[in-house]
Amino acid sequence: MAVILGIESSCDETAAALIGSDRTIFAHRLAGQEAHHAPYGGVVPEIAARAHSETLSPLIEAALAEAGMALGDVDAIAATAGPGLIGGVMVGLVMAKALALAAEKPLIAVNHLEGHALSPRLIDPHLDFPYLLLLVSGGHCQLLRVEGVGAYRRLATTIDDAAGEAFDKTAKLLGLGFPGGPAVERAAASGHPCAVPLPRPLAGSKEPHFSFAGLKSAVARAVASGEHRAEDIAASFQQAVVDCLTDRTRRALRQAGGARALVVAGGVAANGAVRAALEEVAKEYAMRFVAPPLWLCTDNAAMIAWAGAERFAAGWSDPLDTPARARWPLDPLAEKVRGAGVKA
Ligand code: KG4
Ligand code: ZN
């Protein structure tokens, strides 16, 4: 069994984990930065990078102590090398390089999206390739055919905002605070999902792409009208997102044959309504449905260590001059889609 140290620092979670190639979770540690960013209503990149640099070293030591290991017991060091906020990515990647150099261990540069994409395999040894992945996070909204480790075919992406971004903006408009996703979900629980008429952008369109900018504007108008309860807006918004995600996923399932399972990952996969609706879609197509536990949906280092373990098992490692990347598409062959602000 190989033991991989994983490091994550691409957004506002500093994280370190020790994972075995047999799926043993020896330690996983997380230090959120919510208190740092809450006054600004969103993640401030410079503040995030500084917080990572203060927190990461003690967090790695705590993870090693929890696992009862020293750096010498680790077989490889994996870190997120992008995409993400570049200052934070650099903090984690430089730390990984320093440890790799000092301990003479291989470095594994992990694409953060690959971390999300492979995370369900950490908890489900029976999840085999290929599978259809709906990757829904704060920065991304994509449908990918996961064909193997390092082999991802992007079927669709968002032409404007990511789904998590839409949750965060809706929370801001409703004054529900930051981070927005869980707050909107809580408010939605006591609202009516049909109370406020909202659009389902791109629903029914031929390509399975996503769009959330128009939905966000419609939420802003609904808030400004003063005619609706915040709970009703939250519930109607959440329902609109669920309808968009399921419609687009059905379209992708019709186009990409041969998938063994429908998998959802990324922060928005922590949403109960999203999970339940996708489980229904999987049933319609007589497919297995796999969603990681909530702690593995939002950003963490266990998924980075696991992606590192999968790459290590394939015999791959990376040179110490591997750059940190703000943008890094999982599928380099994917065509650019029209629409402003498409994220990596
Ligand atoms: O994967 P993640 O932790 O970070 C990125 O890589 O982006 O995803 C964070 C996103 C945020 O936009 C957050 O609001 C959203 O996931 N999120 C949720 C929920 N929990 C987190 N969205 C809806 N419902 C939730 N329960
Ligand atoms: Zn993420």
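Residues numbered from 1 in each chain as written. Chains lettered and ligands numbered in written order. Predicted model: local features only at pLDDT ≥ 70, side-chain atom pairs only at ≥ 80, totals over all residues. Heavy atoms only, no water.

## A closer look at the pairing of strand β9 (residues 261–265)
Turning to step 1, where the next piece is worked out: By the criterion of burial, β9 is predominantly enclosed, with 5 of the 5 residues buried.
Turning to step 2, where the next piece is worked out: Neither face of β9 is open: one carries A261, V263 and A265, the other L262 and V264, and all of them are buried.
Turning to step 3, where the next piece is worked out: As paired elements, strand β6 (residues 131–136) and β9 share 4 bridges and run parallel to each other. Within the sheet, the bridge partner assigned to L135 lies in β9 and is A265.
Turning to step 4, where the next piece is worked out: Note that β9 and strand β10 (residues 288–290) share 3 bridges and pair parallel. Across the sheet, L262 pairs through a bridge with F289, a residue of β10.
Turning to step 5, where the next piece is worked out: Each parallel crossover has a hand, and the one from β9 via helix α9 (residues 272–284) to β10 is right-handed. (Buried < 20%, exposed > 50% of the residue type's maximum accessible area, 1.4 Å probe, protein only. Helix = DSSP H or I, 4+ residues; strand = E, 2+ residues; numbered from the N terminus. Pairing = 2+ DSSP bridges. Right-handed = clockwise from strand over helix to strand, strands pointing away.)

## Section: the coordination of the zinc ion (ligand 2)
When a metal holds four donors in a tetrahedron, each ideal angle between them is 109.5 degrees; when it holds six in an octahedron, the ideal angles are 90 or 180 degrees.
Turning to step 1, where the next piece is worked out: Only H112 (NE2), H116 (NE2) and D299 (OD) from the protein coordinate the zinc ion (ligand 2), and they sit 2.0 to 2.2 Å from it.
Turning to step 2, where the next piece is worked out: Going along the chain, you hit the donors of the zinc ion (ligand 2) in the pattern H-x3-H-x182-D. Taken together, the residues H112 in helix α4 (residues 112–123) and D299 in the loop between α10 (294–297) and α11 (302–313) connect sequence positions 187 residues apart.
Turning to step 3, where the next piece is worked out: Given a relative accessible area of 6%, H112 falls into the buried group. (Donors = N, O, S within 2.8 Å, 3.2 Å for Na, K, Ca; no water.)

## Details of the packing of aromatic side chains
Turning to step 1, where the next piece is worked out: Under the counting rule described, the total for this entry stands at 3 aromatic pairs.
Turning to step 2, where the next piece is worked out: With a centroid separation of 5.8 Å and an interplanar angle of 15 degrees, the aromatic rings of F129 and Y131 are classed as stacked.
Turning to step 3, where the next piece is worked out: With a relative accessible area of 0%, Y131 lands in the buried category.
Turning to step 4, where the next piece is worked out: Relative to F212, the ring of F210 has its centre 6.3 Å away and its plane inclined at 15 degrees; by these criteria the two rings are stacked. Comparing F210 with F212, the two get one shared label, buried. (Phe/Tyr/Trp six-rings, centres within 6.5 Å; stacked < 30°, edge-to-face > 60°.)

The quantities given are spatial measurements derived from coordinates; they are silent on function.
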